[in-house]
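What follows is the residue order along each chain.
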Amino acid sequence: ETDLFQARDGVVVALGSVVKTQTAELGKSLATPAVQAALSPGPVAAPVSAADATNTTTPAASAPDLAAAAAALKAAWPKAEAVEAWPLDMQAQFAALPKGGYGLLAVAESAIVANAPVARLAKVGGAQKLVLAAPMQAGKVPVAVAVVQLPAAAMIDPLRQATVPGDSYLAL
């Protein structure tokens, strides 16, 4: 029984370490200047005309460039198998269900609700993946959600390596 408890505790610590390391990497990658520049492109240049001289309104900020943000995030995190940046409303992802996959959408929703990075195992394209999602912020304002797919091995290997007595099973 003690061996089983030690195996369980060892797996829990290993899994916690994986999640902590990967979510920290996601946070670090989201903070890179290239990702932040794509999320905060700045004001839109307005055409210059005589009528504009009397306009005292501030030009509207352009929308975040989600494709550029995803590309910059992927460049900052080469071990990621896939990186996407979705608008917070995720309308296209909801419209793509069930083909688009419930797992990815669930992780992204959890990250938005928690306003923090979230990690889950999910089946993507028939294979298990470690999926991380986190709000993408322009300054302190969430403007999108990042969805990153990593190999699931980091989460599965501690379970495979656990030594469990012959007539027992490991329940987490």
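Look up a bit, the structure's there.
Conventions used here
- Residues numbered from 1 in each chain as written.
- Predicted model: local features only at pLDDT ≥ 70, side-chain atom pairs only at ≥ 80, totals over all residues.
- Heavy atoms only, no water.
- Helix = DSSP H or I, 4+ residues; strand = E, 2+ residues; numbered from the N terminus.
- Buried < 20%, exposed > 50% of the residue type's maximum accessible area, 1.4 Å probe, protein only.
- Contact = heavy atoms within 4.5 Å.
- Salt bridge = Lys/Arg side-chain N within 4 Å of Asp/Glu carboxyl O.

**Q** What is the right way to look at the side chain of glutamine 93 in this model?
**A** Structurally, glutamine 93 is set in helix H5 (residues 91–95). Residue classification places glutamine 93 among the buried residues on the basis of a relative accessible area of 17%. If we skip the residues at most four places from it in the chain, glutamine 93 touches Trp86 and Leu105.

**Q** Hey, could you run me through the pattern of salt bridges in this one?
**A** Taken as a whole and judged by the stated rule, the model has 4 salt bridges. The salt bridge involving lysine 28 is made with glutamate 25; its shortest N-O contact spans 3.9 Å. Here lysine 28 pairs with glutamate 25, and both are found in helix H1 (residues 2–30), just 3 residues apart, close to one helical turn. On the basis of relative accessibility, which here comes to 56%, the residue lysine 28 falls in the exposed class. Here arginine 160 and aspartate 157 are joined by a salt bridge, their closest N and O atoms 3.7 Å apart. In this pair, arginine 160 and aspartate 157 are both assigned in helix H7 (residues 153–161), 3 residues apart and thus about one turn of the helix distant. For arginine 160, a relative accessible area of 65% gives the class exposed.

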